[in-house]
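One-letter residues, chain by chain:
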Amino acid sequence: MGNPQLQSIHVHPVKAFRDLAPRQAVVEPWGLTGDRRWVLIDDGGKVVTQREHPRLALAAAELLPGGGVRLSAPGMDPLTVPVPRPAGTVPVNVFRDKVEGVPAEGDAAHAWCSAYLGVGTRLVHMDDPATRRSVDPEFALPGETVSFADGYPLLLTTASSLDALNSLIAQGGHAQEGPLPMNRFRPNVVVAGTAAWAEDDWSRVAIGEVTFRVAKMCGRCVVTTTDQGTAKRGKEPLHTLGRHRRIGGKLVFGQNLVPESGGTIRVGDPVTVLDLLEQDGPPARGPGNPPRGPGRWVP
């Protein structure tokens, strides 16, 4: 393979909405600047995602200076939503985590999102990602935090692993659904120039001058079966991942990252593998090296 490099960057200003693909992005301790700082919640405070509402794939959010967003979706007039002033917060249930968020001011944003989905929702902003939500302590160091992402600051995938997965899909019972595009996996960074599944063995990586710890493999859910251009669902890639990439009880594709340093990453930056997992026995544990998810894939 050639020299690994950063192929693309993806930012999701509103969780579950369509992504943006900037040529560069600032890495903050809790993720890329502007990534998943907004989220929809239902009347009970539970996050609303494509798991229950695949039509969210068709909604878009332009990131505005200062952190506000401009919402758009089929059949809806665009709406600009500024960052709310730090008034009262509401509880947000992000899977197992209970977080506080600040609702968008007024009724316009909540009404817009509710009208689009046909169910009552509220749009909420994370005002202080440095303190609001910790990364899963089983795979984190003290003080590491995350936005409204599923669990970790960044998700990395590789182009070669998608090619390998698409080859497996083509040999299976739902070949007509492939090849799948990378947006099914909603990553933050996509790396080109590696061997397929090479990322399974990574423990620390650098993208340009920014370093990251690889926390754990990413277990995949039904969102990956949602066509991000039509919101229609199929069987893949979960059918094929279930046959070939079942590790530790999860169907895995990609690696969750936690930044070790800050800075700006750019498309075309070199990607350097700094450390690999130990191949014999479990990863080492100890200060500065928390346990991480299952290691390499065994076919």
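Keep in mind that what you see is a predicted model, and the values were worked out from it rather than measured. (Residues numbered from 1 in each chain as written. Predicted model: local features only at pLDDT ≥ 70, side-chain atom pairs only at ≥ 80, totals over all residues. Heavy atoms only, no water.)

What to know about the overall build of the chain
Moving on, step 1. A tally of regular secondary structure across the chain gives three helices and 19 strands.
Moving on, step 2. Here the C-alpha radius of gyration of the chain, 19 Å, is about what a compact globule of 299 residues would show, namely 19 Å.
Moving on, step 3. Across the 299 residues that make up the chain, the buried fraction comes to 51%.
Moving on, step 4. Contacts spanning at least 24 positions in sequence make up 69% of the contacts within the chain whose residues lie at least 6 apart.
Moving on, step 5. Summed over all atoms, the accessible surface of the chain reaches about 13,200 Å², with 52% contributed by carbon and sulfur.
Moving on, step 6. Distance between charge centroids for the chain: 5 Å, based on 32 positive and 31 negative side chains. (Helix = DSSP H or I, 4+ residues; strand = E, 2+ residues; numbered from the N terminus. Rg over C-alpha atoms; globule rule 2.2 N^0.38 Å. Buried < 20%, exposed > 50% of the residue type's maximum accessible area, 1.4 Å probe, protein only. Contact = heavy atoms within 4.5 Å. Areas by Shrake-Rupley, 256 points an atom, 1.4 Å probe, with all protein chains shown as cover. Lys, Arg positive; Asp, Glu negative; His and termini not counted. Charge placed at Lys NZ, Arg CZ, Asp CG, Glu CD.)

Quick notes on helix α1 (residues 108–117)
Moving on, step 1. With seven of ten residues buried, α1 is to be regarded as a mostly interior element.
Moving on, step 2. By the burial criterion, the buried members of α1 are Ala 109, His 110, Trp 112, Cys 113, Ser 114, Tyr 116 and Leu 117.
Moving on, step 3. The secondary structure elements touched by the buried residues of α1 are β4 (38–41), β5 (47–48), β7 (69–73), β8 (76–81), β10 (97–103) and β11 (122–125).

Examining the packing of aromatic side chains
Moving on, step 1. Within the structure shown, the criterion is met by three aromatic pairs.
Moving on, step 2. Consider the rings of Phe 185 and Phe 253, whose centres lie 4.1 Å apart with planes at 25°: the pair is stacked. One end of the pair, Phe 185, is in the loop between α2 (159–170) and β13 (189–192); the other, Phe 253, is in strand β17 (residues 250–259), and 68 residues separate them in sequence. A single burial state applies to Phe 185 and to Phe 253, both of which are buried. (Phe/Tyr/Trp six-rings, centres within 6.5 Å; stacked < 30°, edge-to-face > 60°.)

So, the nonpolar core
Moving on, step 1. Among the nonpolar cores identified, the biggest contains 23 residues, and Phe 17, Leu 40, Leu 71, Val 81 and Leu 123 are the most heavily contacted of them.
Moving on, step 2. Put simply, the parts of the chain that give this core at least two residues each are β4, β7, β8 and α1.
Moving on, step 3. Sequence-distant contacts of Leu 40, defined by excluding residues within four places in its chain, comprise Phe 17, Lys 46, Val 47, Val 48, Leu 56, Cys 113, Leu 117, Arg 122 and Leu 123.
Moving on, step 4. Residues Ile 9, Leu 154, Phe 212 and Val 271 belong to the second largest nonpolar core, which totals 19 residues. (Core = buried A, V, L, I, M, F, W, Y, C linked by side-chain atoms within 4.5 Å.)

What to know about the sheet that holds β8
Each strand in a sheet pairs with its neighbour through backbone hydrogen bonds, running either in the same direction (parallel) or in the opposite one (antiparallel).
Moving on, step 1. Read across the sheet, three strands follow the order β6-β7-β8 without closing on themselves; strand pairing throughout is antiparallel. Every interior strand has two partners, whereas the edge strands, β6 (60–63) and β8, have only one. The sheet shows a mean angle of 20° between the axes of neighbouring strands, direction not considered.
Moving on, step 2. Taken together, the four bridges between β7 and β8 define a ladder with antiparallel strand orientation. Bridging across to β8, Leu 71 finds its partner in Leu 79. (Pairing = 2+ DSSP bridges. Axes fitted to C-alpha atoms, helices over the stretch in contact; angles between N-to-C directions.)

Considering the side chain of Asp 35
Moving on, step 1. You can see Asp 35 is positioned in the loop between β3 (31–32) and β4.
Moving on, step 2. Residue class for Asp 35 comes out buried when judged on its relative accessible area of 2%.
Moving on, step 3. Not counting chain neighbours up to four residues away, the residues in contact with Asp 35 comprise His 10, Val 11, His 12, Ser 147, Pro 153 and Asn 188.

Some points on the pattern of salt bridges
Moving on, step 1. Applying the stated rule across the entire model yields eleven salt bridges.
Moving on, step 2. For Arg 213, the salt bridge identified is with Glu 144, shortest N-O distance 2.5 Å. Taken together, the positions of Arg 213 in strand β15 (residues 210–219) and Glu 144 in the loop between β11 and β12 (154–158) put the pair 69 residues apart, joining distant regions of the chain. Accessibility assignment for this pair places Arg 213 and Glu 144 in one class, buried.
Moving on, step 3. A salt bridge links Arg 204 to Glu 260, with the shortest nitrogen-to-oxygen separation between them at 2.9 Å. Here the residue Arg 204 occupies a position in strand β14 (residues 202–207), and Glu 260 occupies one in the loop between β17 and β18 (263–266), the gap between them amounting to 56 residues.
Moving on, step 4. Classification of Glu 260 as partly exposed rests on a relative accessible area of 40%.
Moving on, step 5. Overlapping salt bridges bring together Lys 15, Arg 51 and Asp 150 as one network. (Salt bridge = Lys/Arg side-chain N within 4 Å of Asp/Glu carboxyl O.)

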